[in-house]
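Residues per chain, in single letters:
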Amino acid sequence: MTTNIEAEAAFREQNNAALIAALDETGLREAESAWELDIANDAERGRWTASLGPEAIAEIQYRFVGGRVVLLTTWVDPAYRHKRVAAELIARVLNEIRESGKKITIICPVVGEFIARHPQYLDLIDKVHPGSGAHPGHEPADGPDHQHGPAGGPDDERQIAALEHDWM
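Throughout what follows, the structure given in this document is the object of discussion.

Analysis parameters
Residues numbered from 1 in each chain as written. Predicted model: local features only at pLDDT ≥ 70, side-chain atom pairs only at ≥ 80, totals over all residues. Heavy atoms only, no water. Pairing = 2+ DSSP bridges. Helix = DSSP H or I, 4+ residues; strand = E, 2+ residues; numbered from the N terminus. Phe/Tyr/Trp six-rings, centres within 6.5 Å; stacked < 30°, edge-to-face > 60°. Buried < 20%, exposed > 50% of the residue type's maximum accessible area, 1.4 Å probe, protein only. Axes fitted to C-alpha atoms, helices over the stretch in contact; angles between N-to-C directions. Contact = heavy atoms within 4.5 Å.

Pairing between strand 2 (residues 47–52) and strand 3 (residues 55–65): six bridges, direction antiparallel. Paired with Leu-52 across the strands is Glu-55, a residue of strand 3. Joining the antiparallel neighbours strand 2 and strand 3 is a turn of two residues, in which Gly-53 adopts a positive phi near 65°. The antiparallel hairpin formed by strand 3 and strand 4 (residues 68–76) contains two residues in its connecting segment, where Gly-66 sits at a positive phi of about 55°.

This is how it looks when you write it as structure tokens:
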């Protein structure tokens, strides 16, 4: 019998796989969707949302940790997948973060995969705390021989554990 946590994790993995597959269908220069999306930062709820008219069709959840923006999850309404919505949302969020001068820690594998395909955003990744979703080719600031935990080090692990506690 599966628990709610296991079911939620399986759902999240399916969502990530579907969004990454949708990224495969877009060329590097095609980061805009077929529609004019409104992107809004809902700082109170810790998410950027993409809306088409009054309907929210996608979001990226985030938290601020240690002066960085920790990108947690990306979600796109299944009816709008494979239409470059995730790519446009991620690109516009990353551009907004760049303008703010902040660095990012990536937990969301969809954002990590997007950055792997769009290396112009690699400079946004915090070198000390890249996050567990950062592209596997990204090396920590200490170099390839220094061993880090899954989220970049013990400090990251404590901060992420605190975030997870907030979700429960």
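Having seen the model, we can carry on.
Attention now goes to the packing of aromatic side chains. Under the criterion given, the structure shown has three aromatic pairs. Ring centres of Trp-48 and Tyr-62 lie 4.3 Å apart, and the angle between their planes is 35°; this geometry places the pair in the tilted category. Here Tyr-62 lies in strand 3 and Trp-48 lies in strand 2, a separation of 14 residues in the sequence. Of the two residues, Trp-48 and Tyr-62, both sit in the buried class. When the centroid spacing of 5.5 Å and the interplanar angle of 75° are considered together, the rings of Tyr-62 and Phe-64 count as edge-to-face. On the accessibility criterion, Tyr-62 (2% relative accessible area) is buried.

Within the open sheet, the five strands sit side by side as 1-2-3-4-5. Their pairing is mixed. Edge positions in the sheet fall to strand 1 (38–42) and strand 5 (104–106), since each of these pairs with one other strand and no more. Strand-to-strand twist across the sheet, computed as the mean angle between neighbouring axes with direction ignored, equals 30°. Packed onto the sheet, helix 2 (residues 85–100) meets strand 1, strand 2, strand 3, strand 4 and strand 5 and runs at close to 35° relative to strand 3. Of the strands in this sheet, strand 4 and strand 5 touch helix 3 (residues 109–117), which is tilted by about 115° from strand 5.

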